Amino acid sequence: MKFGTKAIHAGVEPDPTTGAIMTPIYQTSTYVQKSPGDHKGYEYSRTHNPTRTALQNALAALENGKHGLCFATGMAATDAIIKLLQPGDEVISTNDLYGGSYRIFTKIFQNYGIKFHFTDMSNLANVEALVNEKTRMIWVETPTNPLLNIIDIKGCAAIAKSKNILLIVDNTFATPYLQTPLDLGADIVTLSLTKYMGGHSDVVMGALVVKNDELAERLAFIQNACGGTPGPQDCFLVLRGIKTLHIRMERHCQNGRKVAEYLQQHPKVEKVFWPGFEDHKNHHIAKEQMRDFGGMISFVLKGDRQEDAIKTLEQFRYFSLAESLGGVESLCGHPASMTHASIPKEERLKAGLSDSLIRLSVGIEDAEDLLADLEQAIG
Ligand SMILES: *Cc1c(COP(=O)(O)O)cnc(C)c1O
């Protein structure tokens, strides 16, 4: 089955009682048993819920995995992965990681005796240098947020496999439409469904997808034991959202290219970060592991003054100033004071995240209107 067909059909069966083509919102906490233990596969909604099952199966199909597990938020999905670890274990991750992931690693799990290393993973030698006998996970985010660095998933998989290390890929920015990390050797894909997957800025949710049965079982145990599961109405919204994922992503990519090229030639713009440019450091890897380059773009204005960036952000009409990304509507943000404020300034600057950096999530409006908005806002 091809991607668009999967987005519409995978995981979803007509409802067995009525034939409803959309999986109903099973707004129930429990399920009646005929005799103790004699039930239809559903006992309690923290453990299983039919609306969630449909979504989990759809996600597993889209990521070319076998098992999907949904969580109340992307961070709850991250939390479940780290709970596979023991005190003393080590994780290697990238130095321009999503701010919330950096925060849960350093402010929560470090206190439980797990050690995190952050390095520029766009250069694999940096990853290799940190591997030791305590390394249990390599945590990749690609493209990275907000600098759009590209990390070689296959290269990381080669390092991980030789040492029995789990490879995790945060696929939130790319989505399975653009890249399927499980095909490239990843063990776990983690997704914030809040972003492109849901796609309509109306729900917060996360998911994991794996191929391995035993790993899925351990994660399902954590999912049920810790209880960070989503409600059925939210599952319904994401299930509805992913039916148009391929169409939306195609337009995000088309508009992203137009916006990136427009900014690139703008006299007031110093630098544009977008993996589709041929002179992007890892463009060749992006070309190999991604189907297209996405609609996330960051840029710095000439002079690199924070006040100029803030003025531009206040001027936008169609790019709304807001946290988050990946919805149908265009958004803009100031990572240094918004999404990445939890990363110490020193660390931010070291990773190349300057105070005047503007991040755009290019939506699926008409490109002409978006370019006109950039024109008037940058001036
Ligand atoms: C938003 C985001 C998350 C966290 O997801 P929530 O749904 O907000 O909890 C994780 N990783 C990336 C790359 C994100 O953009």
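As the structure is a prediction and not an experimental result, all values here were calculated from the model.

Asker: Give me the side chain of T172: which residues, what numbers.
Answerer: Mapped onto the secondary structure, T172 falls in the loop between β5 (166-170) and α7 (175-178). A polar side-chain atom of T172 sits 2.9 Å from the main-chain amide nitrogen of S192. When residues no more than four places from it in sequence are discounted, the contact partners of T172 are T190, L191, S192, K195 and Y196.

Asker: Any chance you could break down the packing of helix α10 (residues 245-264) against helix α14 (residues 367-378) for me, citing the residues and the numbers?
Answerer: Packing of α10 against α14 brings their axes to within 10 Å, and their N-to-C directions diverge by 30°. On the basis of their axis angle, the class for α10 and α14 is roughly parallel. Where α10 crosses over α14, the two elements pack in a sense that is right-handed. The segment α10 lies against α14, with N255, K258, V259, Y262 and L263 engaging A367, L370, L371, L374, E375 and I378. The class makeup of the residues in the contact of α10 with α14 is 8 nonpolar, 1 polar and 2 charged.

Asker: Outline unusual backbone geometry, listing residues and values.
Answerer: For the bond from T142 to P143, the omega torsion is -5°, close enough to zero to count as cis. Along the chain, P143 falls in the loop between β4 (135-141) and α6 (153-162). P146 follows N145 through a cis peptide bond whose omega is 5°. Mapped onto the elements, P146 comes out in the loop between β4 and α6. Located in the positive-phi region is S201, a residue other than glycine, with phi close to 50°.

Asker: How would you sum up the site of the ligand? Please name residues and give values.
Answerer: In the vicinity of the ligand lie 13 residues, with M75, D170, S192, T194 and K195 positioned nearest. Within the side chain of T194, an N or O atom sits 2.7 Å from an oxygen atom of the ligand. One nitrogen or oxygen atom from the side chain of K195 is found 2.7 Å from an oxygen atom belonging to the ligand. For the ligand, the accessible surface in isolation is 380 Å², of which the surrounding protein chains cover 92%.

Asker: Account for the sheet that holds strand β6 (residues 188-192), with residues named and values stated.
Answerer: The strand order across the open sheet built from 7 strands is β1-β7-β6-β5-β4-β2-β3, with neighbouring strands paired in mixed fashion. Of all the strands in the sheet, the pair left with one neighbour each is β1 (67-71) and β3 (115-119). For this sheet, the mean angle separating the axes of adjacent strands, direction not counted, is 20°. Here 5 bridges tie strand β2 (residues 90-94) to β3, and the two strands are oriented parallel to one another.

Asker: Please give an account of the domain arrangement of the protein chain that cites residues and values.
Answerer: Under the domain assignment, the protein chain is made up of domain 1 (3-242) and domain 2 (245-378). Taken over C-alpha atoms, the centre of domain 1 sits 25 Å from the centre of domain 2. With 44 residues of domain 1 in contact, the opposing surface of domain 2 contributes 45 residues. Buried area between domain 1 and domain 2, summed over both chains or domains, comes out near 3500 Å², and the portion from carbon and sulfur atoms is 62%. Of all residues in domain 1, the largest losses of buried area upon contact with domain 2 belong to Y177, L178 and Y196, amounting jointly to 23% of the total for that side.

Asker: Tell me about the nonpolar core, residues and numbers included.
Answerer: In terms of nonpolar packing, the biggest core is built from 85 residues, with L55, L167, L193, L263 and L360 touching the most fellow members. The greatest single-element share of this core, amounting to 7 residues, is contributed by α10. Per-domain counts for this core show at least three residues from each of domain 1 (3-242) and domain 2 (245-378). Discounting chain neighbours no more than four positions away, the residues touching L167 are I138, V140, I153, C156, A157, A160, G185, A186, D187 and I188.

Asker: Break down α6 for me, citing the residues and quoting the values.
Answerer: Listed in full, the buried residues belonging to α6 are I153, G155, C156, A157, I159 and A160. Packing partners of the buried residues in α6 comprise α5 (124-130), β4, β5 and α11 (283-289). Two or three places before K154, at the start of α6, stands the capping residue D152, its side-chain oxygen 3.2 Å from that residue's backbone nitrogen. Backbone geometry just downstream of α6 places N164 in the positive-phi region, at approximately 60°.

Here is what the cut-offs are and how they apply
- Residues numbered from 1 in each chain as written.
- Predicted model: local features only at pLDDT ≥ 70, side-chain atom pairs only at ≥ 80, totals over all residues.
- Heavy atoms only, no water.
- Helix = DSSP H or I, 4+ residues; strand = E, 2+ residues; numbered from the N terminus.
- Polar contact = N/O pair within 3.5 Å; in protein donor to acceptor, adjacent residues only side chain to side chain.
- Contact = heavy atoms within 4.5 Å.
- Axes fitted to C-alpha atoms, helices over the stretch in contact; angles between N-to-C directions.
- Parallel < 35°, antiparallel > 145°, perpendicular 65-115°, else oblique.
- Left-handed = near helix turned anticlockwise from the far one by under 90°.
- Nonpolar A, V, L, I, M, F, W, Y, C, P; charged D, E, K, R; others polar.
- Near = heavy atom within 4 Å.
- Areas by Shrake-Rupley, 256 points an atom, 1.4 Å probe, with all protein chains shown as cover.
- Pairing = 2+ DSSP bridges.
- Domains from an automatic or database assignment.
- Buried area = accessible area lost by both parts, 1.4 Å probe.
- Core = buried A, V, L, I, M, F, W, Y, C linked by side-chain atoms within 4.5 Å.
- Buried < 20%, exposed > 50% of the residue type's maximum accessible area, 1.4 Å probe, protein only.

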